[in-house]
Amino acid sequence: MSKKEKYRVDLGVSGGIAAYKAIEVLRLLQKSDCEVRVAMTRHAIEFIQPLTFRALTDAYVLVDDYAPENPDPIAHINFSQNIDLFLIVPATANIIAKFANGIADDFLSSTYLASTAPVLIAPAMNTTMWENAATQRNIEQLKKDGVRFVEPISGELACKTVGTGKLEDVENIVAQALNLLVQSPKSKVQNSKYDDKNFNAKVNAQELETLDFGLWTQDLLGEKILITVGGTREAIDPVRFISNHSSGKMGFAVAKAAEKRGAKVTVIAGATSVEPPENVNVIRAISAEEMHRAVMKELENATVFIGAAAVADYRPVKQAATKIKKNKNILHLELEKTPDILSDVSKIRHDGLLVVGFAAETENVVEYARSKMQKKNLDLIVANDITKNGAGFDSDTNIATILRRGDKEKIELPLMSKREMADIILDEVIKLR
Ligand code: CTP
């Protein structure tokens, strides 16, 4: 079910006070679904125990390939093969010098020579050592050899001096590592915004959030997804309307997930209580009528239509031009049906367009959803029982059942975040291709 592709990263830790930050780098990479193995220099183990990394990676941590307990007699070759990135955090002036000069007198430097993977180095050292002509010369040489650097930053160093040499923030190191990984041959990304030009640009924490700690395979590249989101508002008079509790969270989660996986996404958004995700085209449409019009305009460019909006089924027949006064004990509102956007999309669907609906129910969830799928001629329907705890409109979580056209089986999705559910829905959409 998972659409994440595992990237393999070798993390090299050399001997500096910043070695402890390598633990956080490791954790962030693992959260990003990377498989990480760790090698340390002899000096690094003065700062931090190999056992820490062993516990976190569940793998032997290589320090010395001649060590009797080393399970692999040619570890520096095996360790260096079939990896997508060789990342050094922190890198001392010494390890940089060894790499630059082809010295292979320990496990980490031997691995460097034996690997053909991209190399990313995050140095950390005292300012004078950093500025030393020898260090700078070695760095220049390595850059010429194609090695990438996450430059150290300026700040107060462990030796109490202030200057350049401090390890870059771990989030930025990981973001730049991910940047390199999405450009690796394993990745299907062709249009990553984290391209070469931006490589050295600082990636802030928010951007890292948008990376979503996930190296999503770009399995939706080429798809143009049109999604309706949020609730509609049907005006009674200039100040009042009929609406519902929809927040837009589920639809926006689908939009965000689809964008991450390479789709071009257009959202037709009614009333929502959350911010739309970045990098999706948002068109606002408040009433069912406006939403219908906007969808019809955008539809011909779409390859997938997802109706996640809670469209009002009825609207006042007449909208009062001025505010209705409180001069009657009983006020009758006459309501008429709104256009059913999803049904209309299905009716005029072009070749290759996949149509996905949602069904918010309070009883007989699966039966009602199945009949909606048939009536509206859908490929897939996501049904919610909105009375369940953890499911429903303003919640960050959801519980749902996915039904597929021509398939008696149902996919039960237990309580999970809307973001996670969005990915599973998209997995099912992709299977329909
Ligand atoms: N929908 C739509 N246009 C409407 C009403 C609903 O596009 N005017 C879409 C919703 O976006 C959702 C699906 O139809 O994808 C089902 O919506 P729902 O409100 O559950 O069903 P209805 O068809 O309105 O039926 P009912 O209210 O009778 O359950």
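Residues numbered from 1 in each chain as written. Predicted model: local features only at pLDDT ≥ 70, side-chain atom pairs only at ≥ 80, totals over all residues. Heavy atoms only, no water.

(A) Inspection of the overall build of the protein chain at higher detail. Looking only at helices and strands, one finds 15 helices and 19 strands in the protein chain. Once the C-alpha set of the protein chain is aligned to its principal axes, its extents read approximately 90 × 50 × 40 Å. Residues classed as buried in the protein chain amount to 52% of the 433 residues present. Taking contacts inside the protein chain between residues at least 6 apart in sequence as the whole, the part at least 24 apart equals 67%. Side-chain charges in the protein chain split into 55 positive and 58 negative, and the spacing between the mean points of these groups amounts to 6 Å. (Helix = DSSP H or I, 4+ residues; strand = E, 2+ residues; numbered from the N terminus. Buried < 20%, exposed > 50% of the residue type's maximum accessible area, 1.4 Å probe, protein only. Contact = heavy atoms within 4.5 Å. Lys, Arg positive; Asp, Glu negative; His and termini not counted. Charge placed at Lys NZ, Arg CZ, Asp CG, Glu CD.)

(B) Broad picture of the sheet that holds strand S3 (residues 85-91). Strand order in the open sheet formed by 5 strands is S2-S1-S3-S4-S5, with parallel pairing between adjacent strands. In the strand order of this sheet, the two ends are held by strand S2 (34-40) and strand S5 (148-149), each with one partner. Inspection of the sheet shows strand S4 (residues 119-123) paired to S5 by 2 bridges, in the parallel sense. By the bridge assignment, Leu 120 is partnered in S5 with Arg 148. Helix H3 (residues 50-57) contacts strand S1 (7-13) and S2 of the sheet and is inclined by roughly 165 degrees relative to S2. Contacts from helix H6 (residues 107-114) reach S1, S2, S3 and S4 within the one sheet, and its direction differs from that of S3 by about 145 degrees. (Pairing = 2+ DSSP bridges. Axes fitted to C-alpha atoms, helices over the stretch in contact; angles between N-to-C directions.)

(C) Focus on the site of the ligand. Around the ligand, 15 residues are found, and the nearest of them are Gly 307, Ala 309, Asp 313, Lys 372 and Lys 376. Lys 376 places a polar side-chain atom, nitrogen or oxygen, 2.5 Å from an oxygen atom of the ligand. Taking 570 Å² as the accessible area of the ligand by itself, protein coverage stands at 77%. Within the residue set of the shell around the ligand, elements represented by two or more residues are helix H13 (341-347) and strand S16 (354-361). Ranked by residue count, the leading element in the shell around the ligand is S16, at 4 residues. (Near = heavy atom within 4 Å. Polar contact = N/O pair within 3.5 Å; in protein donor to acceptor, adjacent residues only side chain to side chain. Areas by Shrake-Rupley, 256 points an atom, 1.4 Å probe, with all protein chains shown as cover.)

(D) Highlighting the packing of aromatic side chains. Taken as a whole and assessed by the stated rule, the structure comprises 3 aromatic pairs. With a centroid separation of 5.2 Å and an interplanar angle of 65 degrees, the aromatic rings of Phe 79 and Phe 107 are classed as edge-to-face. Linking Phe 79 in helix H4 (residues 75-80) with Phe 107 in helix H6, this pair joins segments that are 28 residues apart in sequence. As far as the burial class goes, Phe 79 and Phe 107 line up, both buried. Where Phe 99 meets Tyr 112, the ring centres are 4.2 Å apart and the plane angle is 10 degrees; that geometry is what we call stacked. In this pair, Phe 99 sits in helix H5 (residues 93-101) while Tyr 112 sits in helix H6, placing the two residues 13 residues apart along the sequence. Of the two residues, Phe 99 and Tyr 112, both sit in the buried class. Every member of this aromatic cluster is reached through a ring pair, and the members are Phe 86, Phe 99 and Tyr 112. (Phe/Tyr/Trp six-rings, centres within 6.5 Å; stacked < 30°, edge-to-face > 60°.)

(E) Inspection of the packing of H5 against helix H8 (residues 133-144) at higher detail. Between H5 and H8, the shortest axis-to-axis distance is 9 Å and the interhelical angle comes to 45 degrees. As judged from the angle between their axes, H5 and H8 are oblique. Crossing handedness for the pair H5 and H8: left-handed. Residue-level inspection shows Ala 93, Ile 96, Ala 97, Phe 99, Ala 100 and Asn 101 of H5 in contact with H8, the latter providing Thr 135, Asn 138, Ile 139, Gln 141 and Leu 142. Residue composition of the contact of H5 with H8, grouped by class: 7 nonpolar, 4 polar and no charged. (Parallel < 35°, antiparallel > 145°, perpendicular 65-115°, else oblique. Left-handed = near helix turned anticlockwise from the far one by under 90°. Nonpolar A, V, L, I, M, F, W, Y, C, P; charged D, E, K, R; others polar.)

(F) Up close: a nonpolar patch on the surface. Taken together, Tyr 314, Leu 333 and Leu 335 make up a surface patch of nonpolar side chains, about 270 Å² in accessible area. With respect to the helices and strands, the residue Leu 333 is situated in the loop between strand S14 (314-316) and strand S15 (335-337). (Patch = residues over 30% accessible without salt bridge, like charges linked within 9 Å, V, L, I, M, F, W, Y side chains within 5 Å. Salt bridge = Lys/Arg side-chain N within 4 Å of Asp/Glu carboxyl O.)

(G) Expanded view of the pattern of salt bridges. This structure, assessed with the given rule, holds 24 salt bridges. Arg 315 serves as the salt-bridge partner of Glu 289, at 2.8 Å between the closest nitrogen and oxygen. Here Glu 289, found in helix H12 (residues 288-299), pairs with Arg 315, found in strand S14; they are 26 residues apart in sequence, far enough to count as distant. Glu 289 sits in the partly exposed class, given a relative accessible area of 30%. You can call Arg 315 buried: its relative accessible area is 18%. Here the salt bridges share partners, and the residues they tie into one network are Arg 261, Arg 419, Asp 423 and Asp 427.

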